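These are the residues of each chain, in order.
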Amino acid sequence: MPDKPALGVGLVGYAFMGAAHSHAWRTAPRVFDLPLRPAMVALCGRSAAAVEEAAARYGWTGAETDWRELIKRDDIQLVDICTPGDLHAEIAIAALEAGKHVLCEKPLANTLTEASAMAEVAARAAAHGVRAMTGFNYRRVPAIAFARKLVTDGRVGQIRHVRATYLQDWLVDPSFPLTWRLRRERAGSGALGDLGAHIVDLVHYLTGDRITGVSAAMATFTDERPLPDGPGAGPVTVDDAALFLARLGNGALASFEATRFATGRKNQLRIELNGDRGSLVFDLERPNELWFFSRDDDPATAGFRRILVTEPDHPYLSAWWPPGHVLGWDATFVHEVRDLVCAIADGTDPAPSFQDGLGVQCVLSSVEKSAAQDGSWVAVPERS
Ligand code: SOE
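Formed by 117 residues in total, the largest nonpolar core has its most connected members in Trp25, Phe244, Phe256 and Phe354. Here the element with the most residues in this core is helix H8 (residues 191-207); it accounts for ten residues. In terms of domain composition, this core takes at least three residues from each of domain 1 (6-138) and domain 2 (141-326 + 359-378). When residues no more than four places from it in sequence are discounted, the contact partners of tryptophan 25 are Val9, Leu11, Pro38, Met40, Trp60, Leu78, Asp80, Leu103, Val337 and Val341. Of all hydrophobic cores here, the second largest spans five residues; its members include Leu171, Leu178, Leu182 and Val236.

Written out as structure tokens, the structure is:
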């Protein structure tokens, strides 16, 4: 590896997502033969003691306490943003304008205005070879990438229905504290942006189509929670659940459900596509499996077949273990890093781009609009 050019990486944020991305930067060059050598230069966070401790534990060479200093460093060529959403736009725009490649966690931003500005700056940066990617990691589940291949190979045919749910239950307990994810000024929205964004992106990705209209309902079931650091309580200013119906450009109908109140569902993302030649089903609780029904099969023996997506011919798998030696959630981030590094080296735009992130944001904002109008249908603006 020493002969490969280095790609200095700086990562902002060291909580849950910062840890997942750190693991990916450490692991990707060990699993894949990457064209560039990622160097984990510095981890950035506001508290010096905490960020230094995290940097040492996650394998970063150094630490910074101000993201502006991180962006100024000559030994950093890529900035990875794992902060709450309220900082995405400011950091991403500054980094891209400083000529740094950017990987930004989803949802791309807290508002449509911010997302549009980010996509615009990313388009300008791309003209100078500077790349930007939105961190929709579930595109990189091998079974999902393989499902996309079956769709593009025509094995599903014309898609008529999409059913997408993303269910968690960590807010069922009313004593769960008012963390940043429950405050609109920090997170933008609740289950909608955190979970709904993933399934919207997956539907765009898997169908190759666009959501053109939505009819939505949203709810906040617990509107006040204990403050995380001190006595008293404060208002929850985001949704606990968001449900919506959608129309796709090619006429397909879709339903979406994103909630943090699905008791017993820890992190269940499920998606089903029904086409006129076949159907596909994926469930994140069984991440190595894809279910496929083909109308090309003999009707006497046809049925949903379980494909164990661990063969060397399946996406990403040839670099990992022998068939049947399954992968987990963390591998999606490893694949994300791999694809980003390859795109940078090839001089191509990585997907999902900031433009794709903006496309998701257009849907999220239309969902909020529809819910505020009692579920009336709202047309989703074309990303611009
Ligand atoms: C928390 O709800 C969360 O970690 C999301 O922020 C992630 O994007 C999702 O992958 C898992 O759940």
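Now, onward.
Moving on to the packing of H8 against helix H10 (residues 354-372). H10 packs onto H8 with a crossing angle of 125° between their chain directions and a minimal axis gap of 9 Å. Between H8 and H10, the angle falls in the class oblique. The handedness of the crossing between H8 and H10 comes out as right-handed. Across the interface between the two elements, Leu192, Gly193, Gly196, Ala197, Val200, Asp201 and His204 from H8 touch Gly359, Val360, Val363, Leu364, Val367 and Glu368 from H10. Class assignment of the residues belonging to the contact of H8 with H10 gives a composition of seven nonpolar, four polar and two charged.

A few words now on helix H5 (residues 112-126). With 15 residues, H5 should cover 21 Å at 1.5 Å per step; its first-to-last C-alpha distance of 21 Å lies within 8% of that length. Taken as a whole, H5 has its buried residues at Ala115, Met118, Ala119, Val121, Ala122 and Ala125. All buried residues of H5 project into a common sector of 165° when viewed along the axis, lining one side. Exposed and facing more than 90 degrees away from the buried side of H5 are Thr113 and Glu120. Buried residues belonging to H5 abut helix H4 (88-97), strand S5 (101-105), strand S6 (132-135) and H10.

Before going further, it helps to spend a moment on the pairing of strand S7 (residues 159-167). Of the pairings in the sheet, the one linking S7 to strand S13 (residues 268-275) comprises eight bridges and is antiparallel in character. Within S13, the residue paired with arginine 163 across the bridge is glutamate 272.

Attention shifts here to the site of the ligand. Looking at the ligand, the residues that line it are Phe16, Lys106, Tyr138, Tyr166, Gln168, Trp170, Arg181, Asp194, Leu195, His198 and Asn267. Interatomic distance of 2.9 Å between a side-chain N/O atom of lysine 106 and an oxygen atom of the ligand. Within the side chain of aspartate 194, a nitrogen or oxygen atom sits 2.4 Å from an oxygen atom of the ligand. Ranked by residues supplied to the shell around the ligand, first place goes to H8 with three residues. A class-by-class count of the residues in the shell around the ligand yields five nonpolar, three polar and three charged. Residue-level mapping places the shell around the ligand at the junction of two domains, with at least three residues from each of domain 1 (6-138) and domain 2 (141-326 + 359-378).

Here we come to the sheet that holds strand S4 (residues 78-81). The six strands lie next to each other as S3-S2-S1-S4-S5-S6, forming an open sheet whose pairing is parallel. What marks the edges here is a single partner per strand, and that holds for strand S3 (62-64) and S6. Neighbour-to-neighbour, the strand axes of this sheet turn through a mean angle of 25°, independent of strand direction. The sheet contact formed by strand S1 (residues 6-12) and S4 spans four bridges and is parallel. Bridge pairing links glycine 10 to valine 79 in S4. Contacting strand S2 (37-44) and S3, helix H2 (residues 48-58) crosses the sheet at an angle of about 160° to S2.

So, on to the domain arrangement of the protein. As far as domains go, the protein holds domain 1 (6-138) and domain 2 (141-326 + 359-378). Between the C-alpha centres of domain 1 and domain 2 there is a distance of 25 Å. Taking both sides of the interface into account, the surface hidden between domain 1 and domain 2 amounts to around 1800 Å²; carbon and sulfur atoms contribute 61%. Per-residue buried area on domain 1 facing domain 2 is highest for Leu112, Phe136 and Tyr138; these three make up 40% of the total on that side. On inspection of domain 1 and its partner domain 2, the count reaches seven residue pairs in polar contact (both at pLDDT 80 or more). Only helix H1 (16-31) and H5 provide two or more residues apiece to the side of domain 1 that touches domain 2. Of the residues in the side of domain 1 that touches domain 2, the class split is twelve nonpolar, five polar and two charged.

So, how was this worked out
Residues numbered from 1 in each chain as written. Predicted model: local features only at pLDDT ≥ 70, side-chain atom pairs only at ≥ 80, totals over all residues. Heavy atoms only, no water. Core = buried A, V, L, I, M, F, W, Y, C linked by side-chain atoms within 4.5 Å. Buried < 20%, exposed > 50% of the residue type's maximum accessible area, 1.4 Å probe, protein only. Helix = DSSP H or I, 4+ residues; strand = E, 2+ residues; numbered from the N terminus. Domains from an automatic or database assignment. Contact = heavy atoms within 4.5 Å. Axes fitted to C-alpha atoms, helices over the stretch in contact; angles between N-to-C directions. Parallel < 35°, antiparallel > 145°, perpendicular 65-115°, else oblique. Left-handed = near helix turned anticlockwise from the far one by under 90°. Nonpolar A, V, L, I, M, F, W, Y, C, P; charged D, E, K, R; others polar. Expected span 1.5 Å × (residues − 1). Arc of directions from axis to C-beta. Pairing = 2+ DSSP bridges. Near = heavy atom within 4 Å. Polar contact = N/O pair within 3.5 Å; in protein donor to acceptor, adjacent residues only side chain to side chain. Buried area = accessible area lost by both parts, 1.4 Å probe.

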